[in-house]
Amino acid sequence: MKDYKTLNELQEDLRVGNLTCVQLVQQYLDRINLNSHLNAFVEVYSEESLLRALEIDRKIKEGTAGKLAGLIVGLKDVLAYQGHGLQAGSQILASYISPYSATAVQRLLDADVIVIGRQNCDEFAMGSSNENSSFGPVLNAADNLRVPGGSSGGSAVAVQAGLCHASIGSDTGGSVRQPAAFCGVVGVKPSYGRVSRWGLIAYASSFDCIGPITKSVEDAALILEVMAGKDDYDSTVSTKEVPSYSRNLEFTGKARIGYIRETVENDAIAPEIKARTLAILDQLRAEGHEVSPVEMPLLNSLLPTYYILTTAEASSNLSRFDGVRYGHRTSVSGDLETLYKKSRTEGFGEEVRRRILLGTFVLSANYYDAYYTKAQRVRRLVREETQRFFEQFDFLISPVTPTSAFPIGEKVEDPIQMYLADIFTVHANVVGNPAMSVPNGVDESGLPIGIQIMAPFYGEESMFSFAKYLTGLTPEPNL
Ligand code: GLN
């Protein structure tokens, strides 16, 4: 099977008749079967995707096919797709079927994508390794003993292993970018409010963003421009016009690039990641861009701020899963309180329970000001600091993660160590700015390394063209 890096190349082959969507879907289905040990998909829509492929092939022949015809995607198991199972990797939603489609999913369908299946993820998108899924861990295709990252682990591995052309994930604190970095693919977190959250199972509503995982910057730009834009179902979504991100990915001129000294020079960062990040910064300097280190004193407060606010929001969002309205209900009989308690204890996994408890604690009357209010204040300060940064710079560059993919099981007993995997990604979610991860070579064990670009609010257009430019500077195999 030919590996198409961009949808453009693929569509060319479809147009001249070298390939049909039916053949393409069949090839992906065969690969999914051959790679079932990776555990990337929790459900595969075999017959349905073949039927849809027939329909798209007909449209291509008639010349009526949509912009994304030929795009075979997988959806993270937090995105609603009408008539299909939706569980957020949890047993509490066992056998739940979504009665409607997420706005982002519907827009992709309207542009003629084919959805091949639903992808494994950490339960309710809480995790950094995909080990918190009730469907079991996902294996990194570069090394089956290592994690793919999380929470969109299945989605990243599916693209890495060529089980679909692109995936759609969600990023609350790094869940698209961190697994993309661990799997050597591209991952995008758009600006908060760029893509409607309607139909995305909520984890932390003021942080959650839907974003694409692809093999190329071009495809990420194309997919985002289809999903983005105003939506009557989500009042937090921006009404700002969506530029055609994919139309012009040429980066010209010189950029002002800043990096936070701590994120590059800290000794806790794996030496090869440090070296690769510094190498890129040197190359950018050599190319005539202005590259400067900055201090960001609030950096150390980012992770605690993120975990206080997201657990608070999660404890509220997840209260709807009560054993009465959706999914799992305990078989133990008793009064209403017992029903709630038992259903929730049986249905939620350990990490989700930990976060609900933590979130309930930080919101409790006696501690509200000490934790929640304080974290909100810090969030505002970080936003202001970041805004000031972008008055001086066009892009913020950092590693995506402090290490490459770690061994399965290494951090499961130590939540703090696990949370540290997101040290560089949570910033963009705390402030709302767009950020993306592009591959930056591999370490000496052959494990992928990523580099992160953060841009000003709604600066996706320049972020994509700069990312495309950056892939020309990263080591082989590049994009
Ligand atoms: N790993 C982070 C967390 O567990 C981020 C998750 C996400 O972005 N959904 O919260």
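Residues numbered from 1 in each chain as written. Predicted model: local features only at pLDDT ≥ 70, side-chain atom pairs only at ≥ 80, totals over all residues. Heavy atoms only, no water.

A.B. asks: How would you summarise the nonpolar core if you had to cite specific residues and measurements?
C.D. replies: Within soluble globular proteins, side chains that are nonpolar tend to cluster in buried spots. Core analysis: the biggest nonpolar cluster contains 143 residues, and Phe124, Met436, Phe464, Phe466 and Leu470 have the highest contact counts within it. If you tally residues by element for this core, the top one is helix H10 (residues 299–317), at nine residues. (Core = buried A, V, L, I, M, F, W, Y, C linked by side-chain atoms within 4.5 Å. Buried < 20%, exposed > 50% of the residue type's maximum accessible area, 1.4 Å probe, protein only. Helix = DSSP H or I, 4+ residues; strand = E, 2+ residues; numbered from the N terminus.)

A.B. asks: Which residues make up the site of the ligand, and what are the values?
C.D. replies: Around the ligand, a shell composed of 15 residues is seen, among which Thr172, Gly173, Ser175, Tyr203 and Tyr306 lie nearest. A distance of 2.6 Å is found between an oxygen atom of the ligand and a side-chain nitrogen or oxygen belonging to Ser175. Contact distances for the ligand include 2.8 Å between a nitrogen atom and a side-chain N or O atom of Asp422. Isolated, the ligand exposes 290 Å² of accessible area, and the fraction of that covered by the protein chains is 100%. Structurally, the ligand is housed in the largest cavity. Its residues assigned to classes, the shell around the ligand comprises five nonpolar, seven polar and three charged. (Near = heavy atom within 4 Å. Polar contact = N/O pair within 3.5 Å; in protein donor to acceptor, adjacent residues only side chain to side chain. Areas by Shrake-Rupley, 256 points an atom, 1.4 Å probe, with all protein chains shown as cover. 1 Å grid on protein atoms, 1.4 Å probe; cavity = no way out; pocket = protein on both sides within 12 Å on 5 of 7 lines; lining within 4 Å. Sits in = over half its atoms within 2 Å of the grid points. Nonpolar A, V, L, I, M, F, W, Y, C, P; charged D, E, K, R; others polar.)

A.B. asks: How would you sum up unusual backbone geometry? Please name residues and give values.
C.D. replies: Geometrically, the link from Gly150 to Ser151 is a cis peptide bond, its omega value of 5° lying close to zero. The topology assignment puts Ser151 in the loop between strand S3 (114–119) and helix H5 (153–160). Residues other than glycine seldom take positive phi values, yet Phe124 does so here, at roughly 50°. For Phe124, the position within the fold is in the loop between S3 and H5. Even without being a glycine, Ala125 presents a positive backbone phi close to 65°. For Ala125, the location among the structural elements is in the loop between S3 and H5. We classify Ala125 as buried; its relative accessible area is 7%.

A.B. asks: Go over the layout of surface pockets with me, naming the residues and quoting the values.
C.D. replies: To find leftover empty space, a probe the size of one water molecule is rolled over the atoms. What the largest pocket holds in volume is close to 450 Å³. Along its surface, the largest pocket is lined by 21 residues, and Tyr100, Leu200, Ile201, Ala202 and Arg320 are the ones closest to its centre. Grouping the constituent residues of the lining of the largest pocket by class yields 13 nonpolar, four polar and four charged. One number sums up the size of the second largest pocket: a volume of about 350 Å³. Lining the second largest pocket are 19 residues, and of these Ala268, Pro402, Leu420, Ile423 and Phe424 lie nearest its centre. For the lining of the second largest pocket, the element with the highest residue contribution is H10, accounting for four residues. Looking at side-chain class alone, the lining of the second largest pocket contains 12 nonpolar, five polar and two charged residues. (Points joined across faces, edges and corners; volume = space filled by probe spheres on them.)

A.B. asks: So what's going on with empty space enclosed by the protein? Which residues, and what values?
C.D. replies: Tallied over the entire structure, the rule returns five cavities of 30 Å³ or more. When its volume is computed, the largest cavity comes out at roughly 80 Å³. Lining the largest cavity are 14 residues; nearest its centre among them are Ala125, Gly127, Ser175, Tyr306 and Asp422. Split by residue class, the lining of the largest cavity holds five nonpolar, seven polar and two charged. Considering only enclosed or pocket space, the second largest cavity measures out at about 70 Å³ in volume. Every residue lining the second largest cavity is listed: Ile260, Thr263, Leu299, Leu396, Ser398, Ile423, Phe424, His427, Gln452 and Met454.

A.B. asks: Requested: an account of a nonpolar patch on the surface, with residues and values cited.
C.D. replies: On the surface, Tyr100, Trp198 and Tyr233 cluster together into a nonpolar patch covering about 320 Å² of accessible area. For Tyr100, the location among the structural elements is in the loop between strand S2 (72–76) and helix H4 (103–110). When its relative accessible area of 32% is taken as the criterion, Tyr100 is described as partly exposed. (Patch = residues over 30% accessible without salt bridge, like charges linked within 9 Å, V, L, I, M, F, W, Y side chains within 5 Å. Salt bridge = Lys/Arg side-chain N within 4 Å of Asp/Glu carboxyl O.)

A.B. asks: Describe in detail the side chain of Thr310, supporting the description with residues and values.
C.D. replies: By the secondary structure assignment, Thr310 is in helix H10. Here the side chain of Thr310 touches Tyr306 through a polar contact of 2.7 Å, landing on its backbone oxygen. With residues up to four places along the chain from it excluded, the contact list for Thr310 reads Thr172, Tyr203, Ala204 and Phe207. (Contact = heavy atoms within 4.5 Å.)

A.B. asks: Quick rundown of the pattern of salt bridges? Include the residues and the values.
C.D. replies: Tallied over the full model, the rule gives 23 salt bridges. When the shortest N-O distance is used, the salt bridge between Lys59 and Asp112 registers 2.9 Å. Taken as a pair, Lys59 in helix H3 (residues 46–62) and Asp112 in the loop between H4 and S3 lie far apart in primary sequence, 53 residues in all. What makes Asp112 buried here is its relative accessible area of 3%.

A.B. asks: Could you give an account of the packing of aromatic side chains, with specific residues and numbers?
C.D. replies: Ring pairs (aromatic) are described by centroid distance and by the angle formed between their planes. A full pass over the atoms with the stated rule returns 24 aromatic pairs. A ring pair is formed by Phe389 and Phe390, whose centres lie 5.0 Å apart and whose planes are at 85°; its orientation type is edge-to-face. For the pair shown, Phe389 and Phe390 are each scored as buried. Judged by centre distance (5.9 Å) and plane angle (40°), the rings of Phe466 and Tyr469 are tilted. On the criterion of helical spacing, the pair formed by Phe466 and Tyr469 is a turn pair, its members being three residues apart in helix H16 (residues 460–471). Given the relative accessible area of 0%, Phe466 is considered buried. (Phe/Tyr/Trp six-rings, centres within 6.5 Å; stacked < 30°, edge-to-face > 60°.)

A.B. asks: Got a sec to walk through the pairing of strand S7 (residues 256–260)? Specific residues and values, please.
C.D. replies: With four of its five residues buried, S7 lies for the most part within the structure. When S7 meets strand S8 (residues 290–294), the two strands line up parallel, connected through five bridges. What sits directly across from Arg256, in S8, is Glu290. (Pairing = 2+ DSSP bridges.)

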